[in-house]
Amino acid sequence: MRDLHLPLNQTQRVRLEAALHELQSLAPAAASAASVTVADNIPVNQEDNILKGHGTSDHDGEVVATLCGVVERVNKLVYVRTLRARYKPEVGDIIVGRVIEIAPKRWRLEINFSQDAVLMLSSMNLPDGIQRRRTAVDELNMRSIFEENDVVCAEVRGFQHDGSLHLQARSQKYGKLQRGQLLTVPAYLVKRRKQHFHHLEQYDVDLILGCNGFVWVGQHVLVRENTESKEDKQKLSDEVDTFTPIETRKHICRLANAVRVLSALGFTLTIELIIQTAEASLSSNVEINDMLGAEFYVQTAEREARRRADLLRKKNGAR
Amino acid sequence: METLKRKAPEVPAARANSPTKAPRDDDAPAAPAASEPVACVHDVSYPEGYDASTSSRIVAGGGEGVAPAKTFPFKLDPFQSEAIRCLDNGESVMVSAHTSAGKTVVALYVIAMSLRNQQRVIYTSPIKALSNQKYREFKEEFSDVGLMTGDVTIEPNASCLVMTTEIWRSMQYKGSEVMREVAWVIFDEVHYMRDRERGVVWEESIVMAPKNSRFVFLSATVPNAKEFADWVAKVHKQPCHIVYTDYRPTPLQHYVFPSGGDGLYLVVDENGKFREDSFQKSLNVLAPASGGDKKRENGKRQKGISAGKPGEESDIFKMVKMIIQRQYDPVILFSFSKRECEFLAMQMAKMDLNEDDEKVNIETIFWSAMDLLSDDDKKLPQVSNMLPLLKRGIGVHHSGLLPILKEVIEILFQEGLIKCLFATETFSIGLNMPAKTVVFTNVRKFDGDRFRWLSSGEYIQMSGRAGRRGIDDRGICILMVDDKMEPSTAKMMLKGGADSLNSAFHLSYNMLLNQMRCEDGDPEKLLRHSFYQFQADRALPDLEKRVRELEIERNSMVIDEEESLKDYYDLLEQYKTLKKDVRDIVLSPKYVLPFLQSGRLVRVQFSTDEQPTFSIDENVTWGIIINFEKVKTQAEDRKPEDCDYAVDILTRCSVNKDISGKKTMKIIPLKDRGEPVVISLPLSQIDGLSSVRMYIPKDLLPVEARENTLRKVEEVISRFAKDGIPLLDPEEDMEVKSSSYRKATRRIEALESLFEKHDVRNSPHIQQRLKIFHAKKEISAKIKSIKKTMRASTALAFKDELKARKRVLRRLGYITSEDVVEVKGKVACEISSADELTLTELMFSGALKDATVEQMVALLSCFVWQEKLQDAPKPRDELDLLFYQLQETARRVANLQLECKIQIDVETFVNSFRPDVMEAVYSWARGSKFHQIMEMTQVFEGSLIRAIRRLEEVLQQLILASKSIGETELEAKLEEAVSKIKRDIVFAASLYL
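Everything quoted here is computed from the prediction, not taken from an experiment. (Residues numbered from 1 in each chain as written. Chains lettered and ligands numbered in written order. Predicted model: local features only at pLDDT ≥ 70, side-chain atom pairs only at ≥ 80, totals over all residues. Heavy atoms only, no water.)

Quick notes on the overall build of chain A
Selection criterion: Numbering of helices and strands runs from the N terminus, with a helix taken as a DSSP run of H or I at least four residues long and a strand as a DSSP run of E at least two residues long. A 1.4 Å probe rolled over the protein chains alone gives each residue an accessible area, and that area as a share of the maximum for its type sets the label: buried under 20%, exposed over 50%, partly exposed in between.
Within chain A one finds eight helices and 16 strands. A burial count over chain A gives 45% of its 319 residues as buried.

Printed below as a string of C-alpha cells:
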C-alpha cells in the first residue's frame, strides 16, 4: 500500500484512514509477534531436533532467519514465510507467465520468480492433440504455439536436477491466453486455493489467479477435449472468435479494475472478493474508468473493513 | 453400453459363445494339429453415444493399405492376427489368453507400430524382474528401448519405455513429458489388478492415463474380460476390443498322483475331457490310508509333503524318478513356501540328471555370472551350496534367493541345463519359460492370514507352464493329492474356470494427497471412474430385481393369527438365546476343562437338514469323549482359558459320499443307522456334560471296538431312561459362580412358565406355521441386507472412507479445510514406498535428525520389512529406543485414524512395523560384508536384499521430501545414507541388463 497515491479530498482521506485503522485493529495480533527480519535469531529449544526449513540457517548453533517474514512452525519444522518477497514456486502451483524467449525445444517464461521458468515443448500438448514424439518440424513450428510476449498459463512441474524450474501444461485448459488483460499484483496477495481457474458465467469471463501474482482476466474459452474438429470449421469459428462482444470487454475491464483496486489496497485476492467488488461498482453505478478514482477506493476499503468486522463478530458470537 | 459383436471369421458358428461362457475344457482343439483353425472370440465395447461409423479415424496413423508395422516369420494364430487388426485400426484391445499362447506377439507389434509412427510406447509389468527380462527381449528386437524401475533407469528418453506399473503411476502424478508423447500403453499381466495390495495401482494408472492414448491389455484368461473392456471404454470414451481365447498351443494332460501311491492317473485328457472313472480309481488308492491316519491329523496343520517313513523313498523322490524314466523332463515342481521348496530339493540329493559336458557348461555359466560379485560375496553359503545342486540338473527358484542366483537359474533353465526345477508361484508369471511337465507338490497356499486351497485360476496360470511349443506335442500336469484334499476340491481345481477380474480398489493417503495437489485432480473423480464403482453400478439392476422377487415371495405368504404367532416366536427366540448364553458360560474352557476326561458321556447337538425346530425340545444325542486339544491359532501366547478347544467325540454319524467322493459326516441319533466315528467338535457344539464316565478301549481303530463302545453307551442311556442321565450340576459340581449365570437361569424359568400359558401353544399345526413364519422372517432379513448393499453401491463407493481419510489429513495438518495441501502433505505426497503418515510424522518429530546415519537407516528398515520372524533378537538399546519412538508415532497415527472413524486395528497397525532386521541393516550401513549380516538374522538372502533395495527407494523419496521443505541438512544426511547402503551384492546389476 506504500505506493498508493490517490488524489483524495479531505473527507475521503479521513474516511480511508478510519477504514484502514479499523482493518489494522481487526488483524490478529499473533501474526506480527512472530515476524522476523534477516539475521534475527529464531528462538528454538535446542534440546529438540528441529528441522530448519526455508529461510533459516544455522549460525554458531543458533537458528537465524535469512529472510524477512513470519516464523512458521509445523511440529519440529521451523521456516520463515515471506511477506513481500518474490514468488517462490511450489510443485502443483498454477501460474501465469509471459514468454520472453524461444530456445531449443523450450520456451522461457517470466513468472516473477528469481529465475525464468522453462516450458519444454514436450510438456505442451500439441495443437493437433496427437500423442507422439516431438520432431524437428515441431521444433521449427514452436512459434505457431507461443510467440514472444504471449501470455501463457501453466502448472509448476518441479525443479530439475540442474536447478531450473520446469512448467507443464497438463490439459487443454492450459496454454495461450488471449483477448483479455494481464494484471501483475504482489504474489503474496494470491493464496493457494483448490481452484485457480474461475469461469464467471454471468460475465462470460475467465479469471485465472496465478500463484505468482499474475492475474488473467479474459474472454471465456471453451476447453475442447476433442481436438480433432474439422479444419474448415476451425477457420470459420476463428473469425467469429476474434470478435469479442463489447459487453464482455466491459466486464473484463470492470473485473480487472476490481483486481487493481483490491491489490492496491493490499487485500488478499479471492474470487469472492473480486466478484463482490465488481458487483458493488455495478450496483452503485460506478463507471469502469471511475473505479480507479479515489471515491471507489475509499468505498472498497470501507466495505472490506465492514465485512471483516462482521466476520469477526460472527465468529465471536458463535463462541 | 452398446455392444456390437463381430465374430472372427475363423470362429465356427458352434463356438460363437461369448467369452464369459467359454469354459476352459471345451477350448482345446480336438486335434492337436497346428493347422486346425483355433477359436478366438472377438468383441467390442463402445462407449455410450459413440458413433461407430465415425470410428474410422486413425489415431495411430496406420491403416488399411499401409504395410504392417512388423511381420513375423511364423504364421500368426487367429487371436494374434485379430488383435493386430484392431491395433492397425488404432483402437485399444484387451487380449485375454493363456500365458503360453503368445501374447507377446501383440506387444511386439504395438511397439513396432509406435516406433514407425514416431510415437512413444510404454510397457508396464507388475514385477521388476519381469521388466528387466522384457527390456532385454525388446532391446534385442528394437534398439530404441529404455528401462525404468525403482532400481535402475536406462535411457529414459527412448521411444519404448519398459517400467513397473508403480513407476508409470508416479510419472502420471508428476506429469512427465512422456505423458504427452505416449500413444500406446501396454499393461502386461493386467489381471494383477485383483491383487489385494497392489491392484489399485492398475486402476489408478488406467483411470489417469492420457485421454488420447490407446491401450493394450494383456491378461491371463479372465471370464469377465468384457466387463473390463466396457469399463475402459466408458472411462476413456473410446472403443475397446476384446480378443479372448482359451487356446493352448500345446494341449495339456492332467494327472493325479495320490500320495503314498505309486502311479499316475489321467484325469483330464488333452481334449479337456474329465475322466470320472480314473479319477475315482486314484481316490481309491488314497482310501486305505485315510482311515488309519484320521486321528493323527486332527487339528494338525499342513506340513507339506512329509519326508516319508524312514528307509522309504519320499513321494517326491519317487515322482521325480518316474518323470525322468518316462522322459517327462524338464519338469517344474511348484510348492508354496520357500522353505518347502528348498526342503524338497534337498531330498533329491541322490539324483544326478546331467551328463558331464552339461556339468562343465553349467559351471562356466555359473561362474561367469558370479564374476559380478566380489570375492567375499562369492563365498556366501547360498552361492556355494547352489552349484553342486545345479550341476546335477536340479534347481530351486523362489524369492528368497539372491536375485543374481535366481537369474542364473532362469538362464540355465532356458538353456535346458536344469531338468528339475523346484519353484514357487512367482515362477508362473512372466517370461516364457515352459517345461514339459508341471507338478503341484502341494495344493494349499498361505494367503496372508490363512491356508486355503489353490483356486482354479491359479491352477490354470501355473499349469500354463507345461508344454513347450514346437517341442512337446502335449504338456503334462501332475497334481499330488493327499487325503487332506477333498475330492470335490480337486475336481473344482482341475475343471474350474479362470478367476474373474475383480477390483481390489482401496484408498491410500498418498493417493488422496497426490490427487488433491493437482488443480484438476479430484479424489472423487478417481473413485467414480474406478473399476470398483463400475462393477458395483453394474450389479445394481440385478440386486433390484432380486429384491422385487423376494418381496413378492414374502407378500404371498399369508399366516393366520400372525400377531400372536409373532409373540410366541419372539419368546422362543429369547428362550433359545438364553439357553445358549447359559451353555456358553458353563462350557467356557475355564470351567469345563477339568471335566473333559476321556470316557465321559456328553450330550451333543446333531445337525439336521431341516430348518431349526420351533419348540423347546432340542436335537441332542449322546457321545463319549475321547480326547480334547487346543486349536492352534496365530497368537500362541494366549492363556489356556482363552484358547479354542476341539473335543474328539465318539458318536454315531451318517457318512455320505457324494458322487465326487466328498465325505460329509453328520451326527445322528444313536438309534439311527450309521457308522461309529470319532469326530472333532468345537466346544460350542457340546450341549451338556453328564456325570457318568465309562471305560473305553485303548485301541479304537477297528470299527468293532467303536461299535461296541457305542453299544455300551446306549446301554447306559437305557439304564437311566427313567429320569435321564444325571448331568453335572453347573453350580455344585463345576463350581460355576457367576451372577450372569444365575440371572440367566432365573429368566429361563420365567420364560418356561410363559410358554405354558401362551394361547398359540396348543393351536393346531403350530410347528408348520412357525416354520412358515420363520421363512418369512428370513426373507425379510435378506431383503434388508440386499437393500443395504444397494444403498452402499448407489452412493459413491468409499465415500464415507474418503471423508474419514480427509478428516485424518486435516487433523494432522496435511491439508487445510479447503483441501489445499500443506507442508506436511507435500512431504507425504512424495512417500509411496512406506507408510506415508507414520513416516511423515516421524520426520516432523525430528527423529531422523537426531539419529546417526546408520541408526536412521536401521529405523527406516522397519518400514520396509514385513515378514514376521519368530524369536528375532531384540535390537540393541539405541535402536530399540528409536523403534519405540516409531511405535509411539504409529500408535498416535492409528489412534487418530480410529477417532476419525477409519476402521483400523491399532495394535495390528503398530505391529506391522517390524524391527527384525534393524541390526542387520544397521551393520550393513556401517559397511559390513553381506555374509556377516546374513549371520545375524535368520532371513532369506533374497528377502533381505529386497528390503534394502526398497529402503533405498524410501530414502530417495525422503530426499525429495526434504528438498521440498528446504531442510538441506537432512537432505545431505539422506544422500549419505543412500551412498552407504547402495553397494556390493545388494545392488548388483541384473544379468538381463
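Back to the text.
As for the overall build of chain B
Heads up, the rule is: Accessible areas in this description were obtained via Shrake-Rupley with a 1.4 Å probe; residue shielding takes into account the shown protein chains only.
Along the backbone of chain B there are 35 helices and 25 strands. Relative to its full complement of 993 residues, chain B shows a buried share of 56%. Of the accessible surface of chain B, which amounts to about 43,300 Å², a share of 50% is contributed by carbon and sulfur atoms.

Brief notes about the interface of chain B and chain A
Worth spelling out the cut-off: Residues are treated as being in contact if the distance between any of their heavy atoms lies within 4.5 Å. Take the accessible area each of two parts loses on contact, using a 1.4 Å probe, and add the two losses: that sum is the buried area. Any Lys or Arg side-chain nitrogen located within 4 Å of an Asp or Glu carboxyl oxygen qualifies as a salt bridge. Definition of a polar contact: a pair of N or O atoms within 3.5 Å, with one able to donate and the other able to accept a hydrogen when the atoms are protein atoms, and with sequence-neighbouring residues admitted only if both atoms are side-chain atoms. Nonpolar residues are Ala, Val, Leu, Ile, Met, Phe, Trp, Tyr, Cys and Pro. Charged residues are Asp, Glu, Lys and Arg, and all others, Gly as well, are polar.
In this assembly, 49 residues from chain B lie in contact with 42 residues from chain A. Around 3,700 Å² of area is buried between chain B and chain A when both sides are counted, 42% of it from carbon and sulfur atoms. The interface formed by chain B and chain A contains two salt bridges. B:Glu969 serves as the salt-bridge partner of A:Lys52, at 3.4 Å between the closest nitrogen and oxygen. One can count nine residue pairs in polar contact (both at pLDDT 80 or more) joining chain B with chain A. Grouping the constituent residues of the side of chain B that touches chain A by class yields 14 nonpolar, 15 polar and 20 charged.

Looking at the sheet that holds strand β14 (residues 197-200) of chain A
All names here are of chain A. For clarity, the cut-off: At least two DSSP bridges between two strands are required for those strands to pair. Helix axes are fitted to C-alpha atoms over the stretch in contact, other axes to C-alpha atoms as well, and angles between N-to-C directions run from 0 to 180 degrees.
Ordered by their spatial adjacency, four strands build an open sheet running β13-β16-β15-β14, and the pairing between neighbours is antiparallel. What marks the edges here is a single partner per strand, and that holds for β13 (180-184) and β14. Ignoring strand direction, the axes of neighbouring strands in this sheet form an average angle of 15°. Note that β14 and strand β15 (residues 205-209) share four bridges and pair antiparallel. Counterpart to phenylalanine 197 in the pairing with β15 is isoleucine 208. Sitting on the sheet, helix α6 (residues 246-265) is in contact with β13, β14, β15 and β16 (214-219), with an inclination near 5° to β13. Contacting β14 and β15, helix α7 (residues 271-283) runs over the sheet at an angle of about 135° to β15.

Digging into the domain arrangement of chain B
Rules: Each domain's extent is set by a domain assignment, obtained either automatically or from a database.
Domain parsing of chain B yields domain 1 (41-245), domain 2 (252-287 + 312-495), domain 3 (541-561 + 763-794), domain 4 (567-645 + 662-736) and domain 5 (831-987). Computed from C-alpha coordinates alone, the two centres of domain 3 of chain B and domain 5 of chain B are separated by 54 Å.

Considerations on the sheet that holds strand β2 (residues 51-52) of chain A
The strand order across the open sheet formed by four strands is β1-β5-β6-β2 (chain A), and the pairing between neighbours is mixed. Strands at the two margins of the open sheet, each flanked by one partner only, are β1 (35-36) and β2 of chain A.

Topic: the packing of α6(A) against α7(A)
Residue and element names in this part refer to chain A. Rules: An angle counts as roughly parallel when it lies under 35 degrees, as roughly antiparallel when it exceeds 145, as roughly perpendicular when it falls between 65 and 115, and as oblique in every other case. Crossing handedness follows the turn of the near helix against the far one: under a right angle anticlockwise gives a left-handed crossing, and clockwise gives a right-handed one.
Close contact between α6 and α7 brings their axes to 9 Å; oriented N to C, the two are set at 115°. As far as their axial angle goes, α7 and α6 are roughly perpendicular. α6 and α7 meet at a crossing whose hand is right-handed. For the pair α6 and α7, the contacting residues are Arg254, Leu255, Ala258, Val259 and Leu262 in the first and Leu273, Ile274, Thr277, Ala278, Ser281 and Leu282 in the second. In the contact of α6 with α7, the residues fall into eight nonpolar, two polar and one charged.

Looking at the pairing of strand β13 (residues 331-334) of chain B
Residues and elements named next belong to chain B. Here β13 shows two buried faces, one formed by Val331 and Leu333 and the other by Ile332 and Phe334. Pairing geometry for β13 and strand β15 (residues 420-423), over four bridges, is parallel. Each bridged residue has a counterpart across the sheet, and for phenylalanine 334 the counterpart in β15 is alanine 423. Where β13 lies against strand β16 (residues 437-440), four bridges are found, and the strand directions are parallel. Directly across from valine 331, in β16, lies its bridge partner threonine 437.

Section: the packing of aromatic side chains
All names here are of chain B. Going by this rule: Ring pairs shown here join Phe, Tyr and Trp side chains whose ring centres sit within 6.5 Å, with only the six-membered ring taken for Trp; geometry is labelled stacked below 30 degrees between planes, edge-to-face above 60, and tilted in between.
The final tally for this structure, using the stated rule, is 21 aromatic pairs over all chains. On the numbers, 5.7 Å between centres and 80° between planes, the contact of phenylalanine 228 with phenylalanine 531 is edge-to-face. Here phenylalanine 228 is found in helix α7 (residues 225-236), whereas its partner phenylalanine 531 is found in helix α19 (residues 531-556), with 303 residues between them in sequence. Residue classification places phenylalanine 228 among the buried residues on the basis of a relative accessible area of 0%. Phenylalanine 531 sits in the buried class, given a relative accessible area of 0%. Relative to phenylalanine 531, the ring of tryptophan 231 has its centre 4.9 Å away and its plane inclined at 45°; by these criteria the two rings are tilted. Of the two residues, tryptophan 231 is situated in helix α7 and phenylalanine 531 in helix α19; the sequence distance between them amounts to 300 residues. Here tryptophan 231 and phenylalanine 531 have matching classes, each one buried. Clustering of aromatic rings is evident, with ring pairs tying together Phe187, Phe215, Phe217, Phe228, Trp231, Phe531 and Phe534.

Some thoughts on the pairing of strand β8 (residues 106-110) of chain A
Residue and element names in this part refer to chain A. Burial along β8 is one-sided: the face carrying Trp107 and Leu109 is buried and the face carrying Arg106, Arg108 and Glu110 is not. The pairing of strand β7 (residues 94-103) with β8 spans five bridges and is antiparallel. Counted as the bridge partner of valine 99 is leucine 109 from β8. Between β7 and β8, which pair antiparallel in sequence order, lie two residues; one of them, lysine 105, sits at a positive phi of approximately 60°. Sheet topology note: the β8/strand β9 (residues 117-120) ladder contains four bridges and is antiparallel. Across the sheet, residue arginine 108 finds its bridge partner in β9, namely valine 118. If you look at the hairpin formed by β8 and β9, you'll find six residues sitting between the two strands, and asparagine 112 has a positive phi there, around 70°.

Here we look at the UniProt feature "domain: Helicase ATP-binding" (unreviewed entry) in chain B
Worth spelling out the cut-off: UniProt positions are given in the numbering used here, feature names are shortened, and annotations may be inferred rather than shown by experiment.
Sites flagged by UniProt as "domain: Helicase ATP-binding" (unreviewed entry) map to residues 84-240 of chain B. Along residues 84-240 of chain B one finds 43% helix and 22% strand; the C-alpha atoms at either end are 13 Å apart.

Some points on the nonpolar core
Test applied: Definition used in this section: a nonpolar core is a set of buried Ala, Val, Leu, Ile, Met, Phe, Trp, Tyr and Cys residues joined via side-chain atoms within 4.5 Å.
Ranked by size, the top nonpolar core spans 183 residues in total, and within it B:Phe228, B:Trp231 and B:Phe930 carry the most contacts. Residues within four places of B:Phe228 in sequence aside, it is in contact with B:Met94, B:Val190, B:Met193, B:Ile206, B:Phe217, B:Leu501 and B:Phe531.

A word on the pattern of salt bridges
Applying the stated criterion to the full structure yields 42 salt bridges over all chains. Put simply, A:Glu304 and A:Arg307 hold a salt bridge, and the shortest N to O gap is 3.0 Å. Remark: A:Arg307 and A:Glu304 occur in helix α8 (residues 294-318); sequence separation between them is three residues, near one turn of the helix. Residue classification places A:Glu304 among the buried residues on the basis of a relative accessible area of 3%. Note on A:Arg307: relative accessible area 33%, which makes it partly exposed. Among the ionic contacts, a cluster of salt bridges with common partners joins A:Glu90, A:Asp93, A:Arg192 and B:Lys826.

What to know about a positive patch on the surface
Residues and elements named next belong to chain B. Convention followed: Patch membership needs two things, relative accessible area over 30% and no salt bridge, and members are linked within 9 Å if like-charged or within 5 Å if nonpolar (Val, Leu, Ile, Met, Phe, Trp, Tyr). Asp and Glu are treated as the negative residues and Lys and Arg as the positive ones, with His and the ends of the chain left uncounted. For this purpose, a charge sits on NZ of Lys, CZ of Arg, CG of Asp or CD of Glu.
Side chains of Lys211, Lys237, Lys525, Arg528, Lys799, Lys803, Arg807 and Lys901 sit close together on the surface and give a patch of like positive charge. A per-element tally of the positive patch places helix α25 (residues 799-811) first, with three residues. Tracing the backbone through its elements, the reader meets lysine 211 in the loop between α6 (199-208) and β9 (214-219). Its relative accessible area of 44% is what places lysine 211 among the partly exposed residues.

Focus on unusual backbone geometry
Although it is not a glycine, A:Asn112 sits at a positive phi angle of roughly 70°. Position of A:Asn112 relative to the elements: it lies in the loop between β8 and β9. Even without glycine at this site, B:Asp819 takes up a positive phi of about 65°. By the secondary structure assignment, B:Asp819 is in the loop between α25 and α26 (823-830). Judged by its relative accessible area of 15%, B:Asp819 is buried.

Notes on helix α10 (residues 338-346) of chain B
Residue and element names in this part refer to chain B. Selection criterion: In this context, the arc is that of the directions from the helix axis out to the C-beta atoms.
Where α10 is concerned, the buried positions are Lys338, Glu340, Cys341, Leu344 and Ala345. Buried residues of α10, seen end-on, are gathered within an arc of 165° and therefore sit on one face of the element. Facing away from the buried side of α10, by more than 90 degrees, are the exposed residues Arg339 and Met346. Against the buried residues of α10 lie α9 (315-325), α13 (381-391), β14 (394-397), β15 and α34 (941-965).

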